[in-house]
Amino acid sequence: MITRPETRATLYVTGNINVDLIMSTLQEWPKKGTEAMLESSSLRPGGSAGNCALALSALGSPFRLVANQGNDQFSGWLADMFPESAPLWPAYDCETSLTFGVTHPDHERTFFSNQGHIVRLSMQDVLAQIPDKAQTGDWVLLCGTWLCTALYAQYPQLLATLKQRGYQVAIDSGWPPEDWSETLREQAAKWLPYCDALLLNEVETLGLADAETLDSAALSLLEKMADNAFCVAKCGPDGAHLWAKNLTLHQRAEPVDVVDTIGAGDSFNAGFLSALIYGLPPATALQWGVRVAGCAISSSPRRYPDWQSLFGLVEKI
């Protein structure tokens, strides 16, 4: 019997949480003015921060979802999904951020999103919900970097403040809607020095670094990051790679029957950072991340590994 260790550390997750309406499967784009019937739909909390928070809740990891909210018919529904966090969310006079997504036969997805409340999330909103002094092992994960436009404008100051408070900072920026540019890379160079873990997928890593290979991209980004930082690339069926000072790791993914890939990288983030707040090493964090993501994408309704099976991986190292 594996005894779950105690931890006082907490993972604070902030960024884009919205309502997701996902429908499947769209065989081909319909002609204008016609109607298409799809066989399934799902209404659930979404966005990178929302997906990660759902996985953390299922895992039983200590976390808090740091967010804001609108004031329409979806606001209360979304808050009810996170009753321990939502009482601290400031409300804005706006609609809730909503994403409509359709999946295709190859499991790829197309998303349509409004702006809503997430573009109003500010540095003041975030800092008001995070303790002034970190406990040992606390992390803050910032998601949906390019989508939270008001917050992103304050990124260098926000990250500097979080570091001053003693937090370790992880970022999953996602893909910028306007695509990569030298302007975005120059902006990122101002906050990367405060980043302890960069959790991107393969193409995002290449895009942010403007590099042709993962190794060169990761090493280039690592040079700009905080001391003893991790650069992680999530590579789907190939698992995940991690680069740190004098350390390179690769964790393969077990083959699974893919059901729903939405939030795969966010589920990885939940597993990876859960391991870190329990004080486990990077190799175990990679294992947890890949295992959690694999369970998530191969199940409907979505399921996650229990902590007993995750801590069982620790014994195998």
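Structure: above.
Presented here is an overview of the structure given in this document.

What counts and how
- Residues numbered from 1 in each chain as written.
- Predicted model: local features only at pLDDT ≥ 70, side-chain atom pairs only at ≥ 80, totals over all residues.
- Heavy atoms only, no water.
- Axes fitted to C-alpha atoms, helices over the stretch in contact; angles between N-to-C directions.
- Helix = DSSP H or I, 4+ residues; strand = E, 2+ residues; numbered from the N terminus.
- Parallel < 35°, antiparallel > 145°, perpendicular 65-115°, else oblique.
- Left-handed = near helix turned anticlockwise from the far one by under 90°.
- Contact = heavy atoms within 4.5 Å.
- Nonpolar A, V, L, I, M, F, W, Y, C, P; charged D, E, K, R; others polar.
- Pairing = 2+ DSSP bridges.
- Buried < 20%, exposed > 50% of the residue type's maximum accessible area, 1.4 Å probe, protein only.
- Disulfide = S-S within 2.5 Å.

### Concerning the packing of helix α1 (residues 47-59) against helix α9 (residues 264-277)
Between α1 and α9, the least distance of the axes is 8 Å, while the angle of their chain directions is 50°. Looking at the two axes, α1 sits oblique to α9. Considering the relative orientation of α1 and α9, their crossing is right-handed. Residues Gly-47, Ser-48, Asn-51, Cys-52, Ala-55, Leu-56 and Leu-59 of α1 lie in contact with α9, whose contacting residues are Asp-266, Ser-267, Asn-269, Ala-270, Gly-271 and Ser-274. For the contact of α1 with α9, a count of residues per class yields 5 nonpolar, 7 polar and 1 charged.

### Observations concerning the sheet that holds strand β3 (residues 40-46)
Adjacent strands of a sheet pair through backbone hydrogen bonds, lying either parallel or antiparallel. With mixed pairing, 4 strands are arranged side by side in an open sheet as β3-β2-β5-β6. With one partner strand each, in any of the chains shown, β3 and β6 (109-113) form the two edges of the open sheet. The mean angle between the axes of side-by-side strands here comes to 20°, regardless of whether they run parallel or antiparallel. Sheet topology places strand β2 (residues 18-24) next to strand β5 (residues 98-103); 5 bridges connect them, and they run parallel. Note that in β5 the partner of Val-19 across the bridge is Leu-98.

### A short note on the sheet that holds strand β12 (residues 247-251)
Ordered in space as β4-β1-β7-β8-β9-β10-β11-β12, the 8 strands form an open sheet in which the pairing is mixed. Each edge of the open sheet is held by one strand with a lone partner, namely β4 (63-66) and β12. Taking the axes of each pair of neighbouring strands and ignoring which way they run, one obtains an average angle of 15° across the sheet. Where strand β11 (residues 240-244) and β12 come together, 5 bridges link them in antiparallel fashion. Looking at the pairing, Ala-244 lines up with Leu-247 of β12. Strands in contact with helix α10 (residues 282-297) are β10 (230-234), β11 and β12; relative to β12, the strand with the most contacts, it is inclined by about 25°.

### Description of unusual backbone geometry
With an omega of -5°, the peptide bond running from Ser-24 to Thr-25 counts as cis. The phi torsion at Asp-210 lies on the positive side, around 55°, for a residue other than glycine. Its place among the elements puts Asp-210 in the loop between α7 (202-209) and α8 (214-224).

### Structural notes on the pairing of strand β7 (residues 139-143)
Counting buried positions along β7 gives 5 out of 5 residues, so the element sits mostly inside the fold. Along β7, one buried face is formed by Trp-139, Leu-141 and Cys-143 and the opposite face, lined by Val-140 and Leu-142, is buried too. Pairing analysis gives 5 bridges linking β7 to strand β8 (residues 168-172), with the strands arranged parallel. Paired with Leu-142 across the bridge in β8 is Ile-171.

### Overview of the pairing of β11
Most of β11 sits inside the fold, with 5 of its 5 residues counted as buried. Judged by which residues are buried, β11 turns out to be covered on both faces: Ala-240, Leu-242 and Ala-244 on one side and His-241 and Trp-243 on the other are all buried. Of the pairings in the sheet, the one linking β10 to β11 comprises 4 bridges and is antiparallel in character. What sits directly across from Lys-234, in β11, is Ala-240.

### A closer look at the packing of α9 against α10
Closest axis-to-axis distance for the α9/α10 pair is 7 Å, and the angle between their directions is 145°. Along this stretch, α9 crosses α10, giving a crossing that reads as right-handed. Contact residues: Ala-264, Ser-267, Phe-268, Gly-271, Phe-272, Ser-274, Ala-275 and Leu-276 in α9; Pro-282, Thr-284, Ala-285, Leu-286, Trp-288, Gly-289, Val-290, Val-292, Ala-293, Ala-296 and Ile-297 in α10. Taken together, the residues that form the contact of α9 with α10 break down as 14 nonpolar, 5 polar and no charged.

### Details of the state of the cysteines
One pass over the structure, following the stated rule, counts 0 disulfides. No disulfide involves Cys-195; its nearest neighbouring cysteine sulfur is the one of Cys-231, lying 8.5 Å away. Looking at Cys-295, it has no disulfide partner, and the nearest cysteine sulfur is the one in Cys-52, 15 Å off. Take Cys-295: its relative accessible area is 12%, and that puts it in the buried class.

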